[in-house]
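Chain residues, written in single-letter form:
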Protein chains: 2
Amino acid sequence: MLTLYSFGPGANSLKPLLALYEKGLEFKSVFLNPAKFEHHSDWFKKINPNGQVPVLDHDGKIVTESTVICEYLEDEFPTSPALRPADSYGRAQMRVWTKWVDEYFCWCVSTIGWHRMVGNMVRHLNDEEFEKMVERIPLKEQQVKWRRARAGFPKEMLEEEMRKIAYSVKRLEARLAVSLWLVGEQYTLADICNFAIANGMEFGFPELVNAKDTPALLAWIRRINERPACRLMFERQPSEWKERRQAQQAQTQAQGQAANR
Amino acid sequence: MLTLYSFGPGANSLKPLLALYEKGLEFKSVFLNPAKFEHHSDWFKKINPNGQVPVLDHDGKIVTESTVICEYLEDEFPTSPALRPADSYGRAQMRVWTKWVDEYFCWCVSTIGWHRMVGNMVRHLNDEEFEKMVERIPLKEQQVKWRRARAGFPKEMLEEEMRKIAYSVKRLEARLAVSLWLVGEQYTLADICNFAIANGMEFGFPELVNAKDTPALLAWIRRINERPACRLMFERQPSEWKERRQAQQAQTQAQGQAANR
């Protein structure tokens, strides 16, 4: 039996979630609420001591790290529709893209996301309540990130992350202007992992992702959203989660526009 | 035909180099001299526009990124001695370790390495010469890193990296105290990729890696150094390179001891 613990179809959680839908595998989906810090709760830390989602439980075997889970699904279920090229060179190209998401693209977008949203998530907590929450986070780096997000990230850091986002968007656009998918003619984990971060950027970063500057990137985002597996994934998210996400999107959009003025 | 462009058996270059020796594959080895900034030269940027080693050329197909090259060799030459577990779960565990090297362990050790060594590499250049050298570097982040290394990294940054190194060493020791190799009973890419960073740490970081605090880590480093493939790899490095490395090691050791006083 497969069980996926995730925050639902966004960011790193989206990667294995969409891969599972694309592969047509049956699985139990457990959504954790980040606003309630459920991933830092004792019951979840028994499953992943790092207190991070997504996590895949396959008959009791625990697999962590979104990209590793995606490759695991390919290794374990090769006969379901393949999301990895059959040839070694294609796989290498795919892995350069998935590695790039994990080491570069994900981080710059995530810092701005934290800057815009996480502050709000902890505003209702006083200092003592906040520190109690932070104490439950197992990874020291994550504790630092929460404290920084609450206090406000340094201006130079935010500017540097925005530079990296602009560079990332241009890199994706240049590739997608000459290729249907990131690795040639096949839809692969490279697309899924980049989509996990790029989806919705036309709302949060309208000055960078728009019809004029990034037509190929937008067409690719639309193409993935229209895939049956992707539609199903978004339909099946709990309505409470859907509302939270819509509210967040509206907020991101407003802040994106405000930042742009 | 296989050609590997590398800086020789250290850090990221060591990963595919040792994998090639372990798999007993015939290949041409091209060593670039980092002290002469050969990786930023025009001829090499035609091979890898990012100006980074290692790079594998397999019959004209160019594969970049050390960890991706290692997985490529496993995909392409599965019948040579395998450095990847046969089962999906073992592979996932291996990838959690290789990913951790790329995203965490490598970076903290590398920053201290840059702090201790790169300053010296560019001390003989005046401002204009240095900026000319930096201009040839294709990746903006690498330019920033060179400038920072020359000017001196901020103290808080160095302290934070040292904290991460201490955490990394403890994590490796804890695992190796209960397991012969990082992923159970099989020597895999997880060992090779971590060894690439950990080898020599008993000289550069004697206060962290020593017989009293990390006996299991030291035994594992020794075990890998004694493997025939590893001996062959170190023997086959050019003597000029060997001397440079010994000088660097002596310098690192002296600075490690000085830092410890």
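Placed above this text is the structure.
Residues numbered from 1 in each chain as written. Chains lettered and ligands numbered in written order. Predicted model: local features only at pLDDT ≥ 70, side-chain atom pairs only at ≥ 80, totals over all residues. Heavy atoms only, no water.

Undergrad: Can you explain the overall build of chain A? Please cite residues and give values.
TA: Check the secondary structure of chain A and you find twelve helices and four strands. Here chain A holds 261 residues, and the buried ones make up 55% of them. Here the analysis covers contacts within chain A between residues at least 6 apart in sequence; of these, 71% occur between residues at least 24 apart. As presented, chain A carries roughly 11,800 Å² of accessible surface, and 52% of it is formed by carbon and sulfur atoms. Averaging the locations of the 36 positively and 34 negatively charged side chains of chain A gives two centres separated by 2 Å. (Helix = DSSP H or I, 4+ residues; strand = E, 2+ residues; numbered from the N terminus. Buried < 20%, exposed > 50% of the residue type's maximum accessible area, 1.4 Å probe, protein only. Contact = heavy atoms within 4.5 Å. Areas by Shrake-Rupley, 256 points an atom, 1.4 Å probe, with all protein chains shown as cover. Lys, Arg positive; Asp, Glu negative; His and termini not counted. Charge placed at Lys NZ, Arg CZ, Asp CG, Glu CD.)

Undergrad: With reference to specific residues and values, describe the interface of chain B and chain A.
TA: Taken residue by residue, the interface counts 28 residues in chain B and 28 residues in chain A. Summed over the shared surface of chain B and chain A, the result is ten salt bridges. Taken together, the links from chain B to chain A amount to ten residue pairs in polar contact (both at pLDDT 80 or more). Taken together, the elements giving at least two residues each to the side of chain B that touches chain A come down to strand E4 (61-64), helix H3 (66-76), helix H4 (88-121), helix H6 (140-151) and helix H7 (155-176) of chain B. A per-element tally of the side of chain B that touches chain A places H4(B) first, with ten residues. Its residues assigned to classes, the side of chain B that touches chain A comprises ten nonpolar, three polar and 15 charged. (Salt bridge = Lys/Arg side-chain N within 4 Å of Asp/Glu carboxyl O. Polar contact = N/O pair within 3.5 Å; in protein donor to acceptor, adjacent residues only side chain to side chain. Nonpolar A, V, L, I, M, F, W, Y, C, P; charged D, E, K, R; others polar.)

Undergrad: Could you give me a rundown of the environment of B:Met201, with the residues and numbers involved?
TA: Inspection of the secondary structure puts B:Met201 in helix H9 (residues 201-204). Sequence-distant contacts of B:Met201, defined by excluding residues within four places in its chain, comprise B:Phe105, B:Val109, B:Ile165, B:Val169, B:Pro206 and B:Val209.

Undergrad: Outline the sheet that holds strand E2 (residues 28-31) of chain B, listing residues and values.
TA: Residues and elements named next belong to chain B. Sheet architecture is open: four strands sit in the order E2-E1-E3-E4, paired in mixed fashion. Looking along the sheet, the strands with just one partner apiece sit at the ends: E2 and E4. Here the strands of the sheet are splayed against their neighbours by 20° on average, with no regard to which way each runs. Pairing of strand E1 (residues 2-6) with strand E3 (residues 55-58), which is carried by four bridges, proceeds in the antiparallel orientation. Paired with Tyr-5 across the strands is Val-55, a residue of E3. (Pairing = 2+ DSSP bridges. Axes fitted to C-alpha atoms, helices over the stretch in contact; angles between N-to-C directions.)

Undergrad: Could you give an account of the packing of aromatic side chains, with specific residues and numbers?
TA: Residue and element names in this part refer to chain A. This structure, assessed with the given rule, holds 24 aromatic pairs over all chains. With centroids separated by 5.6 Å and ring planes inclined at 85°, the aromatic side chains of Trp-97 and Trp-100 adopt a geometry described as edge-to-face. With a gap of three residues between them, Trp-97 and Trp-100 both fall in helix H4 (residues 88-121), about one helical turn apart. Since its relative accessible area comes to 8%, Trp-97 is described here as buried. Consider the rings of Trp-100 and Tyr-104, whose centres lie 6.0 Å apart with planes at 15°: the pair is stacked. (Phe/Tyr/Trp six-rings, centres within 6.5 Å; stacked < 30°, edge-to-face > 60°.)

Undergrad: Help me get a handle on helix H5 (residues 127-135) of chain B, residues and values and all.
TA: Residue and element names in this part refer to chain B. Every buried residue belonging to H5 is among Phe-130, Met-133 and Val-134, and all of these are buried. Down the axis of H5, the sector holding all buried residues measures 100°, keeping them to one side. Summarising the geometry of H5, the exposed residues directed more than 90 degrees from the buried face are Glu-128, Lys-132 and Glu-135. Tucked into the core, H5 has its buried residues touching H6. Its side-chain oxygen placed 3.1 Å from the backbone nitrogen of Glu-128, Asn-126 serves as the N-cap of H5. (Arc of directions from axis to C-beta.)

Undergrad: A description of the sheet that holds strand E2 (residues 28-31) of chain A should follow, citing residues and the corresponding values.
TA: Residue and element names in this part refer to chain A. Across the sheet, which stays open at both edges, the four strands sit in the order E2-E1-E3-E4 with mixed pairing between neighbours. Every interior strand has two partners, whereas the edge strands, E2 and strand E4 (61-64), have only one. Going across the sheet, the axis of each strand differs from the next one's by a mean of 20°, ignoring polarity. Set on the sheet, helix H3 (residues 66-76) makes contact with strand E3 (55-58) and E4; between it and E4 the angle comes to about 130°.

Undergrad: Which residues make up the side chain of B:Asn48, and what values do they have?
TA: Turning to its location among the elements, B:Asn48 is positioned in the loop between helix H2 (42-47) and E3. For B:Asn48, a relative accessible area of 6% corresponds to the buried category.

Undergrad: Residue-level account of the pattern of salt bridges, with values.
TA: Considering all chains together, one arrives at 34 salt bridges over all chains under this definition. A salt bridge links A:Arg95 to A:Glu71; its shortest N-O distance comes to 2.7 Å. Linking A:Arg95 in helix H4 with A:Glu71 in helix H3, this pair joins segments that are 24 residues apart in sequence. Of the two residues examined, A:Arg95 and A:Glu71, each falls in the buried class. Where salt bridges share partners, they join A:Glu71, A:Asp75, A:Arg84, A:Arg91, A:Arg95, B:Glu71, B:Asp75, B:Arg84, B:Arg91 and B:Arg95 into one cluster.

Undergrad: Account for unusual backbone geometry, with residues named and values stated.
TA: Residue A:Val53 is joined to A:Pro54 through a cis peptide bond whose omega torsion reads 0°. With respect to the helices and strands, the residue A:Pro54 is situated in the loop between helix H2 (42-47) and E3. Phi angles above zero are rare outside glycine, and B:Glu65 is one such case at about 70°. Locating B:Glu65 in the fold gives a position in the loop between E4 and H3.

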